[in-house]
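Coordinate inspection notes
Residues per chain are reported as follows:
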Amino acid sequence: MDVVGGFRRSMKLAQVIESDLNRLFVFRTEDGYSVEAVHYRGDTLCVSTQVGCPVRCLFCASGKEGLLRNLSEEEILSQVESVKKILPVSRVAFAGIGDPLANWREVKGSFLKLREMGIKASFYTTGFPLENLRELLHLPHNGVSVSIHSLNPDTRKHLMPFSGPLEKLVKFLKEELPRLSKRKRKKVSLAYLILKGVNDSDRDLEALSRLALDLDVGVTLLYYNKVGPFEPPSEEEYERAFLFLKGKGIRVTLSTRFRKDKIGGCGTLTVGKVA
Ligand code: SF4
């Protein structure tokens, strides 16, 4: 049996759970963990890159237990290969369980294989290690969203207890983004999850808009699927934040209905250990 970095290679599809919008695929690793991937929008698969997540964001179910182990390149690709047998997959989002930059060697290997297969890939990351982010930004990706969620360092630390320091991330982006072509920079955005009463004041949104304008990038405004101790905004509050940023001249992308779905929506994916 093949072993990569001390763990085995393949994963088996164990279960499929469907809603009207999404299909959630539960995979089982050979050492008894379960991880999840989500098929949405007819042709896109959101894949997991780690068993658990070291960043442990308070608003996300995936990081509750911290990091249990990394997935190998083969395990990441096997999510795509299994689903492709049943459904079309022309895009992959490295946005499931785990932070892709925290398992970069395996993620980069799987990204390059997906490119060879003609599959486009986008990434969601908290941005660290920064040297991995630098490499990613220069690769032929189809989108990189860097999670900000608050520009108040204390609030951010509370929300994302094990993410890298905000000031280092901002400094890095200010230095690195001007090195990208305009076309490439358009594919980079700041991800901001709106949490009622936490990071949604005019002052918070003003700070976010200043950073987005300064970096000349768009904002992906994420809707919170309630899996932690916070409250989601009402539809009106969510729209208000959108209009606030639009009013400052920022390109804003909103969470689609797929990402808000109870089955497979953002932040809802979980890991398990089979006894
Ligand atoms: S939101 Fe992303 S980085 Fe944060 S715990 Fe969940 S998977 Fe990890």
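Described below are features of the structure shown in this document.

The rules behind the values
- Residues numbered from 1 in each chain as written.
- Predicted model: local features only at pLDDT ≥ 70, side-chain atom pairs only at ≥ 80, totals over all residues.
- Helix = DSSP H or I, 4+ residues; strand = E, 2+ residues; numbered from the N terminus.
- Buried ≥ 20, exposed ≤ 12 C-beta atoms within 10 Å, placed from the backbone.
- Axes fitted to C-alpha atoms, helices over the stretch in contact; angles between N-to-C directions.
- Parallel < 35°, antiparallel > 145°, perpendicular 65-115°, else oblique.
- Left-handed = near helix turned anticlockwise from the far one by under 90°.
- Contact = placed C-beta atoms within 7 Å.
- Nonpolar A, V, L, I, M, F, W, Y, C, P; charged D, E, K, R; others polar.
- Near = placed C-beta within 6 Å.
- Core = buried A, V, L, I, M, F, W, Y, C linked by C-beta atoms within 7 Å.
- Expected span 1.5 Å × (residues − 1).
- Arc of directions from axis to C-beta.

**A word on the overall build of the protein**
A count of helices and strands for the protein gives nine helices and 15 strands. By principal-axis analysis of the C-alpha atoms, the protein measures approximately 55 × 40 × 35 Å. In the protein, buried positions account for 44% of the 275 residues.

**Some points on the packing of helix H1 (residues 73-84) against helix H2 (residues 104-116)**
With their axes 8 Å apart at the nearest point, H1 and H2 run at an angle of 40° to one another. Relative to H2, the element H1 is oriented oblique. Viewed along their axes, H1 and H2 form a crossing whose handedness is right-handed. Of the residues in H2, those in contact with Glu73, Ile76, Leu77 and Val80 of H1 are Glu106, Val107, Gly109, Ser110, Lys113 and Leu114. A breakdown of the residues in the contact of H1 with H2 according to their chemical character gives five nonpolar, two polar and three charged.

**So, unusual backbone geometry**
Backbone geometry follows two general trends: most residues other than glycine have a negative phi, and most peptide bonds adopt the trans configuration. The step from Phe128 to Pro129 runs through a cis peptide bond, and the omega angle for that step is -5°. Its place among the elements puts Pro129 in the loop between strand S10 (120-125) and helix H3 (130-138). Phi at Arg56 takes a positive value of approximately 55°, unusual for a residue other than glycine. At Asp216, a position not held by glycine, the phi torsion is positive, near 60°. Mapped onto the elements of the fold, Asp216 is located in the loop between helix H7 (202-215) and strand S13 (218-223).

**Observations regarding the site of the ligand**
Taken together, Cys53, Val55, Arg56, Cys57, Cys60, Ser62, Gly63, Ile97, Gly98, Asp99, Thr126 and Gly267 are the residues near the ligand. A breakdown of the residues in the shell around the ligand according to their chemical character gives five nonpolar, five polar and two charged.

**So, the nonpolar core**
In this structure, Phe94, Tyr192 and Ile194 are the most contacted members of the largest nonpolar core, which totals 72 residues. For this core, the element with the most residues is strand S12 (residues 188-194), which contributes six residues. Once you skip the residues sitting within four places of it in the chain, Tyr192 turns out to touch Ile148, His149, Leu208, Val219, Leu221 and Leu222.

**Comments concerning H7**
Between its first and last C-alpha, H7 extends 20 Å over 14 residues, near the 20 Å set by a 1.5 Å rise per residue. Those residues of H7 that sit buried are Asp204, Leu205, Leu208 and Ala212. For H7, the angular spread of the buried residues around the axis is 90°, confining them to a single face. More than 90 degrees from the buried face of H7, the exposed residues found are Asp202, Arg203, Arg210 and Asp214. Remark: Asp216 follows H7 within two positions and exhibits a positive phi of approximately 60°.

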